[in-house]
Amino acid sequence: MIFWGLLLSLVTVLALQKRQFSIHLAIGIIEASFSQWFVVIYCILYLTIPFLNVVTGNIKQSSFRALLGIGLFFFYVWPTFFTAVPLSDGGYGIVNFVFLYLIGTYIHKYW
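Residues numbered from 1 in each chain as written. Predicted model: local features only at pLDDT ≥ 70, side-chain atom pairs only at ≥ 80, totals over all residues. Heavy atoms only, no water.

Asker: Describe the overall build of the chain, listing the residues and the values that go with them.
Answerer: The helix and strand inventory of the chain stands at five helices and zero strands. Listing every helix and strand of the chain by position from the N terminus yields α-α-α-α-α. Here the analysis covers contacts within the chain between residues at least 6 apart in sequence; of these, 61% occur between residues at least 24 apart. Split by element, the accessible area of the chain, about 8,100 Å² in all, is 72% carbon and sulfur. (Helix = DSSP H or I, 4+ residues; strand = E, 2+ residues; numbered from the N terminus. Contact = heavy atoms within 4.5 Å. Areas by Shrake-Rupley, 256 points an atom, 1.4 Å probe, with all protein chains shown as cover.)

Here is the structure:
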């Protein structure tokens, strides 16, 4: 995903702005890409996936369901009713992405 995003950004800049390729242009595109929150969070998630897979591969279904229930309560239900929240990233942080990955893993594994 990152490769294609960088490649398409480079092609777009070269085609639409008729600029010549330079190392400064490539560095600028890379810096712009990594200043986006989604790219950074996605890279962090991608690096943690092997560790998450080890955990989810060795956990019982009942424990996995309890983990998802606790996460659902504290990260989604609790902030709906109370202002003192455990995490206030608005859903744009690594915790939300890891939780969504865990939900996807549970669905893949048990449904």
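Asker: Please give an account of helix α5 (residues 94–110) that cites residues and values.
Answerer: Taking 1.5 Å per residue as the helical rise, α5 with its 17 residues ought to reach 24 Å, and the 24 Å between its terminal C-alpha atoms agrees with that figure. Taken residue by residue, α5 has Asn96, Phe97, Val98, Phe99, Leu102, Thr105 and Tyr106 as its buried positions. Buried positions along α5 lie against α3 (37–57) and α4 (61–81). (Expected span 1.5 Å × (residues − 1). Buried < 20%, exposed > 50% of the residue type's maximum accessible area, 1.4 Å probe, protein only.)

Asker: A description of the packing of α4 against α5 should follow, citing residues and the corresponding values.
Answerer: Look at α4 against α5: their axes get within 11 Å of each other, and the N-to-C directions meet at 145 degrees. Relative to α5, the crossing made by α4 is left-handed. On α5, the residues that touch Gln61, Phe64, Arg65, Leu67, Leu68, Gly71, Leu72, Phe75 and Tyr76 of α4 are Val95, Asn96, Phe99, Leu100, Leu102, Ile103, Thr105, Tyr106 and Tyr110. Considering only residue class, the contact of α4 with α5 consists of 13 nonpolar, four polar and one charged. (Axes fitted to C-alpha atoms, helices over the stretch in contact; angles between N-to-C directions. Left-handed = near helix turned anticlockwise from the far one by under 90°. Nonpolar A, V, L, I, M, F, W, Y, C, P; charged D, E, K, R; others polar.)

Asker: Tell me what's going on with the environment of Leu25, and back it up with residues and numbers.
Answerer: Take Leu25: it is sitting in helix α2 (residues 23–34). With a relative accessible area of 7%, Leu25 lands in the buried category. Measuring from C-alpha to C-alpha, the distance between Leu25 and Leu10 comes to 8.3 Å, with 15 residues separating the pair along the chain.

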